[in-house]
Amino acid sequence: MEDRNAQSMKNTRNCKSTRRIKRINRIEKRKGARVLSLLFSLLLCLSLTAQPVRAALPESGGQAVVTFSELNASEVFLKQSQARVCTLTASTMMIRRAAMLSGNQDWKQITEKYVRKYAWAEKTGLKWNFTAAGITVTQKVLSSKSELIRLLNAHPEGVVIYNAKKPHAILVTDYTDGILYCSDPSNDKPAGRYPIAQASITAESAGRCWYVKNPVNLTVAQTDANTAGSDFTGSDTGDSGFTGSDTGDSGLAGSDTGDSGFAGSNSGEASGLDTSDAESPGSSRELDAQEASNAALYTNQKAGNLMYRILDQQAKTAVCTGRAKNDASVTIPETVHLSGVQYRVVQVAQGAFAEADDLKEITVGANVVQIEPKAFYHCKNLQKITIYAGSLQTIGADAFAKIHKKAKLLMIGGKMEAFAKLLSGTSVPVTATVKVQADSRPKTEAK
């Protein structure tokens, strides 16, 4: 009897163990099925969404063979979708061209709306540095037309130039046969590529530019380079480029006619006329003198450790456009000598000292009337700012954005209420110290 009971208990334990093992196996099978199901679903989602992801985030894929005509086809260029986004639209066109040269087959999907997500700061404008569609863009002060031409030689995708006084930006596409070509995003200008004469601004009037920092060494196939100069809206008139317009190297604003020597006509070398001895109004001698005079208005000039540009030759005024040397301490003087003539420094240009990491101290002279937007933007080590404010009327948006958190701003020759009003919108750090004091200098010196 006891043996039967023991055997029965043993059988019961074996049954329970068997059931437990089966139950565990069933649970493991269910878990395995769930994992397989999840993996299958994940793979299915990836396979279905792979193509749209590439479309939403187009990236460059390496050097490609792109001809000059393909790079300048009408479908490459864009018009701005609204006012005040010319820099964004011009940069988008530049990025499109860089993407083409980099082998990105999805370059058409690079739109103003797409680039805006990476390049645009609301209420401020185009960022100094950004990356979109695998193309890294940066900016710099543009000192002259010659510098623009040098940049174009290294950047076949083009260079965005900006005139802060207008204000407006265009994409300069190339420099071919002595003529600068461009595409203006303004809706009241022609579409496509054409001589810069037809644009809203001139190369000489631009003080800043954006260009592609990476990738580098992009190239255009030369198979159709011999036809490059004739691919534009309007009439092709030889070396002068465009009758009565700004298409060459003379430097005359609005009437630069290349090698012709006459404003308003296609002459000189282009037509075979000899105008070297002409003394009539509009002759080459008179234009040479006017050319030199006007060129000075748009060319950055070095004086001491700073760069300047003449604003008004008759009023003898100039604008400080940035540093010539990477000095930690900088003083913007009340006056400066340019080409032997003394000018009053009345303005600090937009972005003049932007992102100068080594700048620690700045003094602004008493003749400065206007400090333009982002003048000292992102000078992260700028700790001391002294402004002689006898003439100061405006300070632009974000002029002091992202400077040192414990910066000290001292306004000499004004009232705190006035200074507070001037600083509104300049993004001075809330932890900065702001003080005002009287100008104790002798009156003759203060002037």
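Refer to the preceding data block for the structure.
Just so you know, these numbers come straight off a predicted model, no measurement behind them. (Residues numbered from 1 in each chain as written. Predicted model: local features only at pLDDT ≥ 70, side-chain atom pairs only at ≥ 80, totals over all residues. Heavy atoms only, no water.)

Here we come to the sheet that holds strand 21 (residues 433-437). Strand order in the open sheet made by the 5 strands is 13-16-18-20-21, with parallel pairing throughout. Where the open sheet ends on each side, the last strands, each with one partner, are strand 13 (329-332) and strand 21. Taken over all neighbouring pairs, the strand axes of this sheet differ in orientation by 10 degrees on average, direction set aside. One ladder, built from 4 bridges, connects strand 16 (residues 361-364) with strand 18 (residues 384-388); its direction is parallel. Bridge assignment links V364 to a residue of strand 18, and that residue is I387. (Pairing = 2+ DSSP bridges. Helix = DSSP H or I, 4+ residues; strand = E, 2+ residues; numbered from the N terminus. Axes fitted to C-alpha atoms, helices over the stretch in contact; angles between N-to-C directions.)

Turning to a positive patch on the surface, a few remarks are in order. Together, R19, R23, R26 and R30 make up a region of like positive charge exposed at the surface. With respect to the helices, strands and loops of the structure, R19 is situated in helix 1 (residues 2-56). (Patch = residues over 30% accessible without salt bridge, like charges linked within 9 Å, V, L, I, M, F, W, Y side chains within 5 Å. Areas by Shrake-Rupley, 256 points an atom, 1.4 Å probe, with all protein chains shown as cover. Salt bridge = Lys/Arg side-chain N within 4 Å of Asp/Glu carboxyl O. Lys, Arg positive; Asp, Glu negative; His and termini not counted. Charge placed at Lys NZ, Arg CZ, Asp CG, Glu CD.)

Relative to the assigned elements, K316 resides in the loop between strand 11 (306-312) and strand 12 (317-323). Relative accessible area serves as the criterion here: at 33%, K316 is assigned to the partly exposed category. The spatial distance from the C-alpha of K316 to the C-alpha of V346 is 9.8 Å, given a sequence separation of 30 residues. Contacts of K316, omitting those with residues within four sequence positions, involve V341, Q342, Y343 and R344. (Buried < 20%, exposed > 50% of the residue type's maximum accessible area, 1.4 Å probe, protein only. Contact = heavy atoms within 4.5 Å.)

Attention shifts here to the packing of aromatic side chains. Considering all chains together, one arrives at 5 aromatic pairs under this definition. Ring pairs connect the aromatic residues W128, Y162 and W210, which therefore count as one cluster. Over the face of the ring belonging to W128 we find R208, whose NZ or CZ atom lies 4.7 Å from the ring centre. In this structure, K374 is placed above the aromatic ring of W128, and the distance from its NZ or CZ to the ring centre is 5.2 Å. (Phe/Tyr/Trp six-rings, centres within 6.5 Å; stacked < 30°, edge-to-face > 60°. Lys NZ or Arg CZ within 6 Å of the ring centre and 35° of its normal.)

Attention shifts here to helix 7 (residues 416-423). Taken together, the buried positions of helix 7 are F419, L422 and L423. Projected down its long axis, helix 7 shows its buried positions confined to an angular sector of 95 degrees, all on one face. Exposed and oriented more than 90 degrees from the buried face of helix 7 are E417 and K421. Packed against the buried residues of helix 7 are strand 18, strand 19 (394-395), strand 20 (408-412) and strand 21. The first or second residue beyond helix 7 is G425, which carries a positive phi of 85 degrees. (Arc of directions from axis to C-beta.)

What follows is about unusual backbone geometry. Geometrically, the link from K166 to P167 is a cis peptide bond, its omega value of -20 degrees lying close to zero. Residue position: P167 is located in the loop between strand 5 (159-163) and strand 6 (168-176). Between N214 and P215 the backbone carries a cis peptide bond, its omega angle lying at 5 degrees. With a phi angle near 55 degrees, A133 is a residue other than glycine that sits in the positive phi range. Here A133 lies in the loop between strand 3 (130-132) and strand 4 (135-141). Positive phi values are uncommon outside glycine, yet K402 reaches one of about 65 degrees. Along the chain, K402 turns up in the loop between strand 19 and strand 20.

Let us now look at the sheet that holds strand 6. Across a sheet, strands are paired by hydrogen bonds formed along the backbone, either parallel or antiparallel in direction. Strand order in the open sheet made by the 7 strands is 3-4-9-5-6-7-8, with antiparallel pairing throughout. The sheet is open, and its two edges are formed by strand 3 and strand 8 (194-195), each paired on a single side. Across 2 bridges, the pairing between strand 7 (residues 179-183) and strand 8 is antiparallel. Paired with Y181 across the bridge in strand 8 is P195. Contacting strand 4, strand 5, strand 6, strand 7 and strand 9 (208-214), helix 5 (residues 145-154) runs over the sheet at an angle of about 65 degrees to strand 6.

On to the pairing of strand 9. In terms of residue burial, strand 9 counts as a mostly covered element, since 5 of its 7 residues are buried. Two strands pair when backbone bridges link them, and strand 4 and strand 9 are joined in this way by 6 bridges, in the antiparallel orientation. Residue pairing across strands places Q139 opposite W210, the latter belonging to strand 9. The pairing of strand 5 with strand 9 spans 3 bridges and is antiparallel. Paired with Y162 across the strands is R208, a residue of strand 9.

The next thing to look at is the pattern of salt bridges. Counting across every chain of the model gives 7 salt bridges. E122 serves as the salt-bridge partner of R116, at 3.3 Å between the closest nitrogen and oxygen. Given the relative accessible area of 54%, E122 is considered exposed. Among the salt bridges present, the one from K145 reaches E204, with a minimum N-O distance of 3.8 Å.

Three or four residues apart is the spacing at which side chains of an α-helix point the same way, because the helix has 3.6 residues per turn. Among all positions of helix 5, only K145, E147, L148, I149, L151 and L152 are buried. Buried residues along helix 5 sit in contact with strand 4, strand 5, strand 6, strand 7 and strand 9.

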